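Okay, here's what each chain looks like letter by letter:
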Amino acid sequence: MNGMHGNMGMHEGMSADGHDLHGGMAGSPGDPARVDRTVEIDMSDAMRFAPAELHIKTGETIRFFVRNQGHLVHEMVIGPADRLAQHAEMMRKMPAMAHVAPNMIQLKAGQRGGLVWRFDRPGKFEYACLLPGHREAGMKGRIVVE
């Protein structure tokens with residue numbers, strides 16, 4: 001299941017309040033035929049991602065191979081930290097809010113999935129689980145694009 005929670009349908013890439021979840025700030029959806037490397041990401045009920053920090057070169061297209069090793073639903077959303085913090089707060093206030101975007105993947109317990117993303121400008125970004133309380137409990141990682 002890629003990027004949907006709750007029973008409320010949304011436009012792709014938009015949250016319930018109309019905020020663009022991916023914008024162009026962290027990059028853009030990558031071409032699966034032009035992946036530069038694969039990075040494995042594990043999510044756990046300890047509210048952590050492993051690894052907790054990634055270093056990526058500007059222009060790299062990364063295939064994230066994401067595994068949910070926990071018993072809870074978790075997601076990985078890529079973006080600027082301030083935007084993800086803002087969206088996590090909205091999710092806390094409206095837990096039934098759904099979002100669907102190419103910069104995210106949501107996995108049930110034991111599921112595995114993939115996400116391809118191109119980092120087209122340098123900067124510091126984040127990947128986080130935006131389900132209510134998860135990011136606040138520390139379920140976030142840092143991406144440094146050089």
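- Going by the annotation in an unreviewed UniProt entry, the name recorded for the chain is Copper-binding protein, with Acidihalobacter aeolianus given as the source organism.

Overview of the overall build of the chain
Line of reasoning, step 1. Of the regular secondary structure elements, the chain holds 1 helix and 10 strands.
Line of reasoning, step 2. Helices and strands in the chain line up, N terminus first, as β-β-β-β-β-β-α-β-β-β-β.
Line of reasoning, step 3. Out of the 146 residues in the chain, the part that is buried amounts to 45%.
Line of reasoning, step 4. When contacts within the chain are restricted to residue pairs at least 6 apart in sequence, long-range pairs at least 24 apart make up 79% of them.
Line of reasoning, step 5. Summed over its atoms, the accessible surface of the chain is roughly 6900 Å², and 53% of this surface lies on carbon and sulfur atoms.

A closer look at the sheet that holds strand β8 (residues 112-118)
Line of reasoning, step 1. Here we have 5 strands laid out as an open sheet, ordered β1-β8-β5-β2-β3, and mixed in their pairing. Strands at the two margins of the open sheet, each flanked by one partner only, are β1 (28-29) and β3 (48-50).
Line of reasoning, step 2. Alignment of β1 against β8, held across 2 bridges, turns out to be antiparallel. Residue pairing across strands places Pro29 opposite Trp117, the latter belonging to β8.

A word on the sheet that holds strand β7 (residues 104-107)
Line of reasoning, step 1. Spatial ordering of the open sheet is given by β4-β10-β9-β6-β7, a layout of 5 strands whose pairing is mixed. Looking at the sheet topology across the chains shown, the edges are occupied by β4 (53-56) and β7. Shown here is a sheet whose adjacent strand axes are inclined to one another by a mean of 15°, direction ignored.
Line of reasoning, step 2. Where β4 meets strand β10 (residues 140-145), 4 bridges bridge the pair, whose relative direction is parallel. Considered in β10, the bridge of His55 is made with Val144.

Details of unusual backbone geometry
Line of reasoning, step 1. Pro51 follows Ala50 through a cis peptide bond whose omega is 0°.
Line of reasoning, step 2. Checked against the element boundaries, Pro51 lands in the loop between β3 and β4.
Line of reasoning, step 3. We note that Met47 has phi near 60°; this positive angle belongs to a residue other than glycine.
Line of reasoning, step 4. Looking at where Met47 falls in the secondary structure, it is placed in the loop between β2 (37-44) and β3.

Topic: the pattern of salt bridges
Line of reasoning, step 1. Evaluation of the coordinates by the stated rule reveals 7 salt bridges.
Line of reasoning, step 2. For Arg37, the salt bridge goes to Glu60, with nearest N and O atoms at 2.8 Å. Of the two residues, Arg37 is situated in strand β2 and Glu60 in the loop between β4 and β5 (61-68); the sequence distance between them amounts to 23 residues.
Line of reasoning, step 3. Judged by relative accessible area, which is 32%, Arg37 ranks as partly exposed.
Line of reasoning, step 4. Through salt bridges with shared partners, one network takes in Glu40, Asp42 and Arg67.

Rules used throughout
- Residues numbered from 1 in each chain as written.
- Predicted model: local features only at pLDDT ≥ 70, side-chain atom pairs only at ≥ 80, totals over all residues.
- Heavy atoms only, no water.
- Helix = DSSP H or I, 4+ residues; strand = E, 2+ residues; numbered from the N terminus.
- Buried < 20%, exposed > 50% of the residue type's maximum accessible area, 1.4 Å probe, protein only.
- Contact = heavy atoms within 4.5 Å.
- Areas by Shrake-Rupley, 256 points an atom, 1.4 Å probe, with all protein chains shown as cover.
- Pairing = 2+ DSSP bridges.
- Axes fitted to C-alpha atoms, helices over the stretch in contact; angles between N-to-C directions.
- Salt bridge = Lys/Arg side-chain N within 4 Å of Asp/Glu carboxyl O.

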